[in-house]
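# Summary of the model geometry
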Amino acid sequence: MLFQNKTGRAGAFAALAVTVALVATGCAATDDGGDGGSGGDSGNLAITFLPKNLGNAYFDTSDKGGEKAIGEFDGTYAEVGPAEASPDAQVSYINTLTQQGVGGIAISANDPKAICDALNEARDAGVKVVTFDSDTNPECRDIFINQATAEGIAKVQVDLIAEQIGDEGEIAILSATANATNQNEWIELMKTELEASHPNIELVDTVYGDDDDQTSFDKTAALLQTHPNLKGIVSPTTVGIAAAARYLQTSEFKGKVALTGLGTPNQMRDYVEDGTVTAFALWNPADLGYLAAYAAKALIEGEITGEEGDSFEAGELGDYEVGEDGVVLLGDPYTFNAENIAEFDF
Amino acid sequence: MTDLISGGTATPRVYKDYARPLWQRVLLTREGAVYAALILVIVVAALSVRNFGSPITMTYLLLDVTPILLIALPMTLVIITGEIDLSVASVVGLSSVVLGTLHQGGLPIEAAAFVAIVVGAIAGAFNGFLITVVGLPSLAVTIGTLALYRGLAVGLLGTTAVTDFTEFWTDLAKSKLGSTGVPTVMILFVLLLVVFAIVLHFTPFGRGVFAIGLSSEAARFSGVHVERTKFILFVLTGTISALAGIYYTLRFGSARGDNATGLELSVIAAVLLGGVSIFGGRGALHGVIAGVLLIGVLGSALRLANVTSDVINIITGVLLVASVVSTSVLNWVRAKRTRPGEPRKTR
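All values derive from a computational prediction rather than experimental measurement.

## Notes on helix 7 (residues 138-157) of chain B
Residues and elements named next belong to chain B. Here helix 7 is 20 residues long and its end C-alpha atoms lie 28 Å apart, about the 28 Å a rise of 1.5 Å per residue gives. Of the residues making up helix 7, those classed as buried are S138, V141, T142, T145, Y149, R150, A153 and L157. Seen end-on, helix 7 carries its buried residues on one side only, within an arc spanning 150 degrees. Relative to its buried face, helix 7 has exposed residues pointing more than 90 degrees away, namely A147 and G155.

Shown next as structure tokens:
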């Protein structure tokens, strides 16, 4: 009891001092952000990007694309987001943006349903909502910017492998898990495409690396042992293609067996530069963000409403049309090769 | 000034305490400092952060902190006994998945919620069993069950989510009381708060909780059922965490195994900030409520001011460390200054 009060007093001062300091920091940051104005205003080109999480190279790239677009049409760009990719944290940020009265939100959803109500509250307040990379349920947003269709993804991989092996010979597929829905859809479409347009290419095997680096590495080794005449491998998964490239790089098959599929530039850079891999595909996240920003602008200015058949202009990417369910397709997947890989960092 | 009258008898000190002006008695306590900080942050934010002053801020804020408020109630009691429960957020995830899968399997939502709460109680009882019967430290046990319960949750539902909940319940979870802007779920919280406050501050059980935190040996010799009390508290954290899990699931309309990941840190941070000693034996529920609100208001104001999430985390971290360090340093100073012959305070 004796010194209780002194402790309390000093504690109170310490806590107050800390708080004052913290709030002061908060205030300092206020001025550069809130050029919001009220929502629903057709001239309010304050567009905020809300990625799945911050500090993620993929979203850094897409948001930079958005920033570039917003700079072109003189809007106000901002990026906010949670440190962890969780839907509840995204909800807090959506609520905040609603309160700030931004003109548009471009968001990559951490959960198709969990952020719906928050997005609809934002839309009720006049905020336009564009999803990109990862969609919500269609009734919770105005437009979804789809990076690529399953058909497009399957076709680009078949085209790449056909080109790399001279349109004839044995190929194999290194997939993720045997029950991965998207992988299996792509594989089926690749088979259809091979039969229709590349009769001299034979798909001899499909193996599964379970999206595990070591398993994919071992399966690549086994594939090459089992099929001595193999001319190419397609791996429609970023884990698989990197593991297969690592195996090829140090094996006798380097330069003899072609490898392509879906990968990210940072994973594949070394293999492209040393010639293990000639070309692979993925979408361009910078274009994805760029298109999302232009879609938000078109919505804010009332040029489109998100109805099927609406069309808008997206800067240097050209004209786009809104498809079924308010989906806008970015286009064919992007092919990365030795000439362009240096321009990307994700 | 107090040295002159501290002749060794208790009476003058008690007299002196009550002679102090009321504002000093209220403000110059650990809880008083948290209140002062909370009010200061609210005032400064209302004046300087655009859009903070709107009524909707309070609604969003309360909806966001409700799971933390709920779990902080039993967590306060657990920490006052000198123990800790790190598995609470995993129990939130587990109850969310149990609710989701059972409801998807055809069980009415009320029944599924009941089972989810029972599962939470069992999860808490398992913690309590390992801590009180097997005698393992709660830190080690609940780090283990943090991983175990989260693993079960994610394993049961995988990376998918159950979203087909009746609109009545999902609407209720985020509805407001008339035009006040206060979320309906606050009724549940206030009821629980009253129960917990009575139990902690006005019953022999509550006095036992404090006694265990000060010295479990002394408490045991004084007739407190140390093991039984702790066991009950861990069952309570499990049960309330499951309740928070149900609220969480309905508010977002999405049952996921990774729901509320990391929430245990927010709960513990708020409890410690609210003046509960991590070493046990000291704390009060009203301080904890202020601690939860302080972290919530600070986060909300900083987000509105477009401060990035990393900086917000750093600021809450600094606040927490500062609040814990200031108490420890002052305890140390106090121990140094205690002279022979005077009663020595250890907490």
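## Quick look at the pattern of salt bridges
Evaluated as defined, the whole model comprises 16 salt bridges over all chains. Its salt-bridge partner being K297 of chain A, residue E301 of chain A comes within 3.4 Å of it at the nearest N-O pair. The class of E301 of chain A is partly exposed, set by a relative accessible area of 38%. R220 of chain B is the salt-bridge partner of E227 of chain B, the closest N and O atoms lying 3.4 Å from each other. Linked by salt bridges that have partners in common, D111 of chain A together with R256 and D258 of chain B make up one network.

## Some thoughts on a nonpolar patch on the surface
Residues and elements named next belong to chain B. A surface patch of nonpolar side chains, about 610 Å² in accessible area, is lined by F126, F129, V133, V134, L136, L148 and L152. Put simply, the parts of the chain that give the nonpolar patch at least two residues each are helix 6 (109-133) and helix 7. Residue contributions to the nonpolar patch peak at 3 residues, all from helix 6. Looking at where V134 falls in the secondary structure, it is placed in the loop between helix 6 and helix 7.

## Section: helix 8 (residues 238-249) of chain A
All names here are of chain A. Taking 1.5 Å of rise per residue, the 12 residues of helix 8 would be expected to cover 16 Å, and the 16 Å separating its terminal C-alpha atoms lies within 8% of that figure. Residues G240, I241, A242, A243, A244, A245, Y247 and L248 constitute the buried set of helix 8. Considering only its buried residues, helix 8 is in contact with strand 6 (169-175), helix 7 (213-226), strand 8 (230-235), strand 9 (258-261), helix 9 (265-273) and strand 10 (279-282).

## Here we look at unusual backbone geometry
The backbone of D325 of chain A shows a phi angle near 60 degrees, a positive value even though the residue is not glycine. The topology assignment puts D325 of chain A in the loop between strand 12 (319-321) and strand 13 (327-329). One non-glycine residue, A260 of chain B, lies in the positive phi region at around 65 degrees. As for its position among the elements, A260 of chain B is in the loop between helix 12 (226-252) and helix 13 (263-273). Assessed through its relative accessible area of 4%, A260 of chain B is described here as buried.

## Concerning the pairing of strand 7 (residues 201-208) of chain A
Residues and elements named next belong to chain A. The pairing of strand 6 with strand 7 spans 7 bridges and is parallel. Directly across from G169, in strand 7, lies its bridge partner I201. Regarding topology, helix 6 (residues 181-197) serves as the crossover connection from strand 6 to the parallel strand 7, and that connection is right-handed.

## Points about the side chain of D142 of chain A
Residue and element names in this part refer to chain A. Tracing the backbone through its elements, the reader meets D142 in the loop between strand 4 (128-132) and strand 5 (143-146). Classification of D142 as buried rests on a relative accessible area of 13%. Engagement of the side chain of D142 in a polar contact is seen with the backbone nitrogen of V129, the distance being 2.8 Å. In this view, D142 contacts R123, V127, K128, V129, L299, G306 and G326; residues no more than four positions away in its chain are not counted.

## Structural notes on the nonpolar core
All names here are of chain A. Counting 86 residues, the largest nonpolar core has I94 and I105 as its most contacted members. Apart from residues no more than four positions distant in its own chain, I105 is found in contact with T48, L50, I94, L97, A122, V127, K128, V129 and V130. By size, the runner-up hydrophobic cluster in this structure holds 83 residues, among which are A106, I187, A242 and A295.

## What about the sheet that holds strand 2 (residues 76-79) of chain A?
Residue and element names in this part refer to chain A. Strand order in the open sheet formed by 6 strands is 2-1-3-4-5-13, with parallel pairing between adjacent strands. Because the sheet does not close on itself, it has two edges, and the strands there are strand 2 and strand 13. Looking at each pair of strands side by side, their axes are set apart by 20 degrees on average, direction ignored. Bridge analysis of strand 3 (residues 104-107) against strand 4 gives 4 bridges, and the strand direction is parallel. The residue bridging A106 from the neighbouring strand is V130, located in strand 4.

## Remarks on the packing of helix 3 (residues 87-100) of chain A against helix 4 (residues 116-124) of chain A
All names here are of chain A. Packing of helix 3 against helix 4 brings their axes to within 9 Å, and their N-to-C directions diverge by 5 degrees. The orientation of helix 3 relative to helix 4 falls into the category roughly parallel. For the pair helix 3 and helix 4, contact is made by V91, I94, N95 and T98 and by A118, L119, E121 and A122, respectively.

## Here we look at the confidence of the model for chain A
Overall, the prediction assigns chain A a mean pLDDT of 88, with 88% of residues at 70 or greater. Predicted confidence for residues 1-39 of chain A stays below pLDDT 50, and this span has 76 contacts to residues more than four positions away or in other chains.

## Topic: the state of the cysteines
Residues and elements named next belong to chain A. Enumeration according to the criterion identifies 1 disulfide over all chains in this entry. Two residues share a disulfide in this structure: C116 and C140, whose sulfurs sit 2.0 Å from each other. Disulfide C116 to C140: torsion about the S-S bond roughly 75 degrees, handedness right-handed. With a gap of 24 residues between them, C116 in helix 4 and C140 in the loop between strand 4 and strand 5 connect regions that are remote in the sequence. Given a relative accessible area of 3%, C116 falls into the buried group. Of the residues examined, C140 reaches a relative accessible area of 2% and is grouped as buried.

## Points about the sheet that holds strand 6 of chain A
Residues and elements named next belong to chain A. An order of 7-6-8-9 is seen for the 4 strands of this open sheet, with the pairing classed as parallel. Looking at the sheet topology across the chains shown, the edges are occupied by strand 7 and strand 9. If you compare each strand with its neighbour and ignore which way they point, the axes differ by 25 degrees on average.

Thresholds, definitions, all that
Residue numbers restart at each chain and count upward from 1, following the sequence in its written direction. A letter from A marks each chain and a number from 1 marks each ligand, given out in the order of writing. Where local features are concerned, this predicted model is filtered to residues with pLDDT of at least 70; where side-chain atom pairs are given and counted, the filter is 80 or more; whole-chain, interface and lining totals use all residues. As a rule here, side-chain values come from all non-hydrogen atoms in the structure, and water together with hydrogens is ignored. Per the convention used, a helix needs a DSSP run of H or I reaching at least four residues, while a strand needs a run of E reaching at least two, with both numbered from the N terminus. A helix is expected to reach a length of 1.5 Å times the quantity of its residues less one. Per-residue accessibility, obtained with a 1.4 Å probe over protein chains only, is compared with the maximum for each type, and a residue is labelled buried under 20%, exposed over 50%, and partly exposed between these values. When we speak of the arc, we mean the arc of directions from the helix axis to the C-beta atoms. Salt bridges are counted wherever a side-chain nitrogen of Lys or Arg sits within 4 Å of a carboxyl oxygen of Asp or Glu. Within the patch definition used here, like charges are joined within 9 Å and nonpolar side chains (Val, Leu, Ile, Met, Phe, Trp, Tyr) within 5 Å, considering only residues with over 30% relative accessible area and no salt bridge. Areas reported here follow the Shrake-Rupley algorithm with a probe of radius 1.4 Å; residue values treat only the protein chains shown as occluding. Throughout, a residue-residue contact means that at least one pair of heavy atoms, one from each residue, lies within 4.5 Å. For two strands to pair, DSSP has to find at least two bridges joining them. If the strands point away from the viewer and the path from the first strand over the helix to the second runs clockwise, then the crossover is right-handed. Here a polar contact is taken to be a pair of N or O atoms separated by no more than 3.5 Å, where protein atoms must pair a possible hydrogen donor with a possible acceptor and residues adjacent in sequence count only if both atoms sit in side chains. Throughout this description, the term nonpolar core refers to a set of buried Ala, Val, Leu, Ile, Met, Phe, Trp, Tyr and Cys residues connected via side-chain atoms within 4.5 Å. All axes here are fitted lines through C-alpha atoms, helices being fitted over the stretch that makes contact, and every angle between N-to-C directions spans 0 to 180 degrees. Oblique is the label for every angle not falling under 35 degrees (roughly parallel), over 145 degrees (roughly antiparallel), or within 65 to 115 degrees (roughly perpendicular). Known as pLDDT, the predictor's per-residue confidence is scaled from 0 to 100. In this description, the term disulfide denotes a pair of cysteine sulfurs within 2.5 Å.

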